[in-house]
Amino acid sequence: MTWRIGLQLALSGLSVGSIYAIIALALAIPYKASRVLNFAQGELVTLGAYIGLVLTSYGLPYAAMVPATLLIAAVFGLLIERLFIRPIIGAPEFTLVIATFAIGLIIRALIRIHWQDNNFFLPAPYAGPALAIGPLRVNPSYLVMIGTTAALVCLLALFFQRTKLGKAMRAAAVNQTGARLIGIRVGTVFGSAWALAAALGALAGLLLAPVVGINPELGHLVVKALVAAVIGGFGSLGGAVFGGLMLGILETYAGALFGAALKEIIPFALLIAFLLVRPQGLWGTALVRV
Amino acid sequence: MRFHAALIAIPALLLLALPLLAGSYQIYLVELILINVVAAIGLNLLTGNCGQISLCHASLIAIGAYGTALLTTGWGVTYIVALPAGVLLTTLLGASLSYPARRLSGLYLALVTLGFLEVVSIAIEEFPNFTGGVRGLKLPPPELAGWPLKAAGLYYFVLGVTALAICAGWNIRRSRYGRAFNAVRQSVIVAQSLAISPGRTKLIAFCFAAAFAGLAGGLFTAVVGFIDPTEFDISASLRQITFIVVGGLGSVLGSIVGASILTLLPEALRGANEYSDVAYGAILLATLVLAPKGLVGLAGSLLSRVNGKGPVP
Amino acid sequence: MSLLGLDGVFVSFGGVAAVRGVSMQVEEGEIRGLIGPNGAGKTSLINSITGIVRPDGGVIAFADQKITALAPNIIAARGIGRTFQHVELFREATVLDNVLAGLYRHHVYGIAAAIAGWGRARRVEREARGEAHSLLEAFDLAPLALVPVGDLPFGIQKRIDLARALAVQPRLLLLDEPISGMSETEADAAVGMLRDLAERRRITLLVVEHNMRVMMRLASRITVMHQGEILAEGAPADIRNNRAVVEAYLGEDDEHA
């Protein structure tokens with residue numbers, strides 16, 4: 001493998017890894033806040049893409065469509081949290097897991113009812129033929145994915161370190177009762193976490209759309225994001241990003257070196273390995289022995 | 001006691017007389033219900049009684065189906081032998097799932113089973129020579145000692161196997177193993193103090209779930225005659241979970257009730273998959289939030305309120 | 001030869017040493033009390049004996065066999081039972097079902113028999129139910145057999161916990177605060193019952209209890225722990241007059257000494 005191909009693959013791996021990272025973040029944030037893992041996150045990615053599709057079909061220019069989509073998605077996230085998650089917040093884990101799956105099932109089915117299984121195309125102003133950067137041929141969409149993720153990570157870091165809401169979310173994640181005692185409105189924190197997660201999901205959907213198109217199965221890659229979150233450790237945002245990027249790169253190299261079949265297996269081999277050896281991931285907090 | 005006897009006798013008589021009362025399509029529907037009942041009983045032992053989340057029950061059913069199918073078509077094994085062989089194969093694979101389950105619970109177990117589901121889907125696609133790949137696998141009708149099993153003959157066979165499965169499920173739940181399941185679900189520490197090994201108990205529970213799933217899969221090949229791998233995805237697993245949640249977790253009757261009522265849902269909606277998916281999702285969500293004990297639980301509370309006693313266990 | 005022997009047991013959590021080099025012997029047939037102020041390390045010690053917690057050092061032996069760091073269910077199978085401070089019953093199950101759960105160890109049949117439901121399984125189940133009923137009788141719980149335990153008063157739940165622990169037929173029974181939450185009359189009755197139990201069923205008892213008055217009446221020998229170590233050990237009368245023990249408890253709300 002020449003270094004040129006190696007670099008090409010790295011870029012490709014980083015770009016798909018970026019998407020995993022964004023979705024893994026969307027999984028980790030509500031988990032940290034409310035201890036609920038949202039198995040419907042994939043459907044929120046799909047939903048975001050379709051919202052973008054609808055807004056574009058109403059003639060909204062791209063620069064306006066993106067923030068509008070994120071906002072609408074955030075509202076959806078908030079609604080889901082208020083209506084379905086809030087009533088069951090103390091329930092046993094089984095209930096939480098299955099309830100989020102059920103929500104995802106409903107969202108996906110409603111999408112299929114309205115749009116069937118067609119694959120739609122969402123044009124993006126940056127999408128186009130591969131650019132020549134030095135010896136490499138780079139798909140501009142990849143650059144946008146990587147760049148957006150990098151910017152996102154910085155923004156989120158600022159949000160959690162500097163803003164009042166961000167700090168409140170961190171406090172509530174560490175100790176809910178304590179947070180309540182110092183006046184943090186935990187309900188607001190929960191709602192914000194889910195709104196943020198939905199917006200992140202929508203962002204991932206919009207980034208994916210120009211590359212793979214829009215169809216109801218778009219959210220299926222939440223499974224990969226779950227693997228990334230396990231690798232990084234639930235409850236570690238940095239871990240989620242690292243896990244996503246690492247998974248993207250490993251997958252891409254495995255595919256190039258060993259073929260498509262192995263590429264598919266790699267995420268699950270990693271999942272099983274981590275869950276058996278180090279379920280708390282690289283940066284998560286240690287679990288109590290069952 | 002009379003009431004209970006009537007409660008069992010009436011449906012039993014109806015089921016026995018079905019080929020005389022109904023057409024071949026209705027018989028087919030009832031066969032599908034019976035298959036789902038078998039699968040649901042197994043899942044309920046694992047999830048309802050032993051408290052282990054499994055998102056891959058549909059994959060286990062698929063393994064049972066493919067296993068039985070390959071033995072009959074590829075290796076010429078007669079159905080009556082291929083069926084238990086398929087069950088055995090599925091049980092072994094289900095046992096391997098219990099290994100990660102020993103140390104993990106709740107969320108992490110859910111993820112492992114999700115991973116298993118995905119791996120099985122990939123395997124089905126990657127070995128089209130065995131599995132027919134995404135196109136599916138078409139099967140000839142099964143034979144029982146040279147006689148083709150179809151129509152009424154097939155129906156009574158499925159009915160008989162289901163009846164045996166129901167008895168087995170009931171016996172297991174009432175046995176010391178059922179008690180061990182419930183103990184491990186409620187408190188691992190207490191279970192250990194009673195000399196119950198949580199690891200071994202989970203292994204047994206997973207094996208049962210897999211065995212029942214494998215049996216359901218084997219019956220599926222005979223009844224449907226075609227295996228479509230897309231029918232065994234996460235939605236299918238969720239459907240199985242809906243049966244036992246709505247029917248009642250931890251109860252054999254709950255498995256029967258849930259599977260019976262909800263199998264007919266897609267038929268009642270007379271439409272494509274999407275509508276029944278919405279219905280399943282909504283019913284599942286509503287039950288989890290509003291009536292977590294399921295229909296059997298609701299009936300129980302109702303009965304005890306009528307009788308003036310405390311809640312019935 | 002003692003039934004339970006601890007030798008230099010150390011248990012620590014995240015840098016804090018809860019048990020620091022405890023050595024003690026419990027003879028068969030004793031009723032041994034284990035007392036000490038809050039934070040003395042009693043619960044950690046009990047947990048290390050039952051295997052819930054792995055000691056960082058030292059050896060625990062039961063009936064001449066090492067049980068240090070074995071799995072809790074294996075230790076239970078060897079003959080160590082326990083009751084729980086907060087009872088920990090199976091709340092939605094009936095009293096009978098709770099006690100039946102304890103019979104898992106000694107009423108055994110295979111999976112095949114269980115599936116078939118007849119033959120050996122049926123016979124053993126009948127024996128088990130018979131045993132369960134006699135345990136319920138012994139604890140005055142028979143009329144409540146089919147009642148779900150969640151509705152029952154705390155004192156009765158404690159009896160059920162005890163009946164369930166006995167179903168395992170332990171040689172050594174660890175009781176974690178068996179009297180806490182009981183009224184004086186209930187406590188007195190419980191003391192009588194526990195002594196009776198130890199004698200008639202020949203079970204060695206190791207009782208962790210806060211209530212000094214009860215401990216004086218119940219125990220044949222008392223071990224006092226303080227800050228992870230053994231402070232004193234001896235007959236109840238000696239312990240009561242031991243200055244060091246009294247001082248250790250002086251910082252405590254000490255209405256029963």
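Source: prediction; values computed, not measured. (Residues numbered from 1 in each chain as written. Chains lettered and ligands numbered in written order. Predicted model: local features only at pLDDT ≥ 70, side-chain atom pairs only at ≥ 80, totals over all residues.)

Trainee: Describe the overall build of chain A, and please don't skip the residues or the numbers.
Mentor: Secondary structure summary: chain A contains eleven helices and two strands in total. For chain A, the sequential pattern of α-helices and β-strands runs α-α-α-α-β-β-α-α-α-α-α-α-α. Expected size for 290 residues packed as a compact globule is a radius of gyration near 19 Å; at 19 Å, chain A falls within 12% of this value. In terms of overall dimensions, chain A has C-alpha extents of about 60 × 50 × 40 Å along its principal axes. By the burial criterion, 49% of the 290 residues in chain A qualify as buried. (Helix = DSSP H or I, 4+ residues; strand = E, 2+ residues; numbered from the N terminus. Rg over C-alpha atoms; globule rule 2.2 N^0.38 Å. Buried ≥ 20, exposed ≤ 12 C-beta atoms within 10 Å, placed from the backbone.)

Trainee: Requested: an account of the overall build of chain C, with residues and values cited.
Mentor: The number of helices and strands found in chain C is ten helices and ten strands. A globule of 257 residues ought to have a C-alpha radius of gyration of about 18 Å, and chain C, at 19 Å, matches this closely. When the backbone C-alpha atoms are referred to their principal axes, chain C occupies close to 60 × 40 × 35 Å. Relative to its 257 residues, chain C shows a buried fraction of 44%. Here the contacts in chain C between residues at least 6 apart in sequence split such that 67% fall between residues at least 24 apart. (Contact = placed C-beta atoms within 7 Å.)

Trainee: Talk me through the interface of chain A and chain B; I want residue IDs and the actual numbers.
Mentor: Each partner contributes to the interface: chain A provides 32 residues, whereas chain B provides 34 residues. Going through the elements one at a time, α4 (93-115), α9 (222-232) and α11 (260-277) of chain A are the ones with two or more residues in the side of chain A that touches chain B. In terms of residue count, α4 of chain A provides more of the side of chain A that touches chain B than any other element does, 15 residues in total. In the side of chain A that touches chain B, the residues fall into 28 nonpolar, one polar and three charged. (Nonpolar A, V, L, I, M, F, W, Y, C, P; charged D, E, K, R; others polar.)

Trainee: Pulling in residues and values, what's your account of the sheet that holds strand β7 (residues 172-176) of chain C?
Mentor: Residue and element names in this part refer to chain C. Within the open sheet, the six strands sit side by side as β6-β7-β8-β3-β9-β10. Their pairing is mixed. A strand with exactly one partner marks an edge of an open sheet, and here the two such strands are β6 (80-82) and β10 (229-234). For this sheet, the mean angle separating the axes of adjacent strands, direction not counted, is 20 degrees. Summarising the sheet, β7 and strand β8 (residues 204-208) pair through five bridges and their orientation is parallel. Looking across to β8, one finds that Leu174 is bridged to Leu206. (Pairing = 2+ DSSP bridges. Axes fitted to C-alpha atoms, helices over the stretch in contact; angles between N-to-C directions.)

Trainee: Tell me about the interface of chain C and chain B, residues and numbers included.
Mentor: Between chain C and chain B, the contact holds 29 residues from the first and 25 residues from the second. When contributions to the side of chain C that touches chain B are tallied by element, the ones reaching two or more residues are α2 (72-78), β6, α3 (95-102) and α4 (111-116) of chain C. Its residues placed into classes, the side of chain C that touches chain B shows 17 nonpolar, seven polar and five charged.

Trainee: Account for the nonpolar core, with residues named and values stated.
Mentor: Membership of the largest hydrophobic core comes to 272 residues, with the highest contact counts inside it found for Ile23, Ala24, Leu25 and Leu27 of chain A together with Val38, Ala209 and Phe212 of chain B. Residue contacts for Val38 of chain B: discarding those within four places in its chain leaves Thr162, Ala165, Phe212, Leu215, Ala216 and Leu219 of chain B. (Core = buried A, V, L, I, M, F, W, Y, C linked by C-beta atoms within 7 Å.)

Trainee: Provide a residue-level description of the packing of helix α1 (residues 3-34) of chain A against α9 of chain A, including the pertinent values.
Mentor: Residue and element names in this part refer to chain A. Relative orientation of the contacting elements α1 and α9 amounts to 70 degrees, with a least axis distance of 8 Å. The orientation of α1 with respect to α9, classified from their angle, is roughly perpendicular. Residues Tyr20, Ala21, Ile23, Ala24, Leu27 and Ala28 of α1 form the contact with α9, whose participating residues are Val222, Lys224, Ala225, Leu226, Ala228, Ala229 and Gly232. (Parallel < 35°, antiparallel > 145°, perpendicular 65-115°, else oblique.)

Trainee: Go over the arrangement of the chains, please, and point to the residues and values.
Mentor: Here the protein chains form two pairs of chains in contact, of which the pair with the most contacts is chains A and B. The two units chain A and chain C remain apart, with a minimum C-alpha distance of 10 Å.

Trainee: So what's going on with helix α3 (residues 57-73) of chain B? Which residues, and what values?
Mentor: Note on helix geometry: an α-helix contains 3.6 residues per turn, so any two residues three or four positions apart are oriented the same way. With 17 residues, α3 of chain B should cover 24 Å at 1.5 Å per step; its first-to-last C-alpha distance of 24 Å lies within 8% of that length. With 16 of 17 residues buried, α3 of chain B lies mostly within the body of the structure. (Expected span 1.5 Å × (residues − 1).)

Trainee: With reference to specific residues and values, describe the sheet that holds strand β5 (residues 65-66) of chain C.
Mentor: Two pairing modes exist for strands in a sheet, parallel and antiparallel, and in both the strands are linked by backbone hydrogen bonds. All names here are of chain C. Pairing is antiparallel across the open sheet formed by four strands, whose spatial order is β2-β1-β4-β5. The open sheet has two edge strands, β2 (16-26) and β5, and neither has a second partner. Summarising the sheet, strand β1 (residues 4-13) and strand β4 (residues 57-62) pair through five bridges and their orientation is antiparallel. Across the sheet, the residue bridging to Gly5 is Ala61, located in β4. Packing of helix α1 (residues 42-50) onto the sheet brings it into contact with β1, β2 and β4, and relative to β2 it is tilted by some 65 degrees.

Trainee: Can you break down the packing of helix α11 (residues 234-247) of chain B against helix α12 (residues 252-263) of chain B residue by residue, with the values?
Mentor: Residue and element names in this part refer to chain B. Packing of α11 against α12 brings their axes to within 7 Å, and their N-to-C directions diverge by 120 degrees. Accordingly, the angle class assigned to the pair α11 and α12 is oblique. Seen along the crossing, α11 lies across α12 with a hand that is right-handed. Taken together, the residues of α12 that come into contact with α11 (itself represented by Thr242, Phe243, Ile244, Val246 and Gly247) are Gly254, Ser255, Val257, Gly258, Ala259 and Leu262. Grouping the amino acids of the contact of α11 with α12 by side-chain chemistry returns six nonpolar, five polar and no charged. (Left-handed = near helix turned anticlockwise from the far one by under 90°.)

Trainee: Help me get a handle on the environment of Thr95 of chain A, residues and values and all.
Mentor: Along the chain, the position of Thr95 of chain A falls in helix α4. Here the alpha-carbon distance between Thr95 of chain A and Val227 of chain A, two residues 132 residues apart in the chain, equals 21 Å. Ignoring any residue separated from it by four or fewer positions in sequence, one finds Thr95 of chain A in contact with Ile88 of chain A together with Leu288 and Pro292 of chain B.

Trainee: Lay out unusual backbone geometry with the relevant residues and their values.
Mentor: All names here are of chain C. The phi angle at Asp140 is positive, at roughly 60 degrees, despite the residue not being glycine. Mapped onto the elements, Asp140 comes out in the loop between α5 (120-138) and α6 (154-167). Of note, Gln169 is a non-glycine position whose phi angle comes to about 55 degrees, a positive value. Inspection of the secondary structure puts Gln169 in the loop between α6 and β7. Take Gln169: there are 16 C-beta atoms within 10 Å of it, and that puts it in the partly exposed class.

Trainee: Just give me the short version of the pairing of β2 of chain C, but keep the residues and values in it.
Mentor: Residue and element names in this part refer to chain C. As judged from the eight bridges shared by β1 and β2, these two strands associate in the antiparallel manner. Directly across from Phe13, in β2, lies its bridge partner Val16. Where β1 folds back on β2, the antiparallel hairpin that results is connected by two residues, among which Gly14 adopts a positive phi of roughly 45 degrees.

Trainee: Let's hear about the confidence of the model for chain C: which residues, and what values?
Mentor: Residue and element names in this part refer to chain C. Here chain C shows a mean pLDDT of 89. Residues at 70 or above account for 97%. When pLDDT is averaged over each helix and strand of chain C, the minimum, 76, is found for helix α10 (residues 243-250) and the maximum, 96, for α2. Note on residues 253-257: pLDDT is under 50 here. Beyond four places in sequence and across chains, it has six contacts. Here the complex is predicted with pTM 0.92, and the ipTM for its interfaces comes to 0.91. (pLDDT = per-residue confidence, 0-100.)

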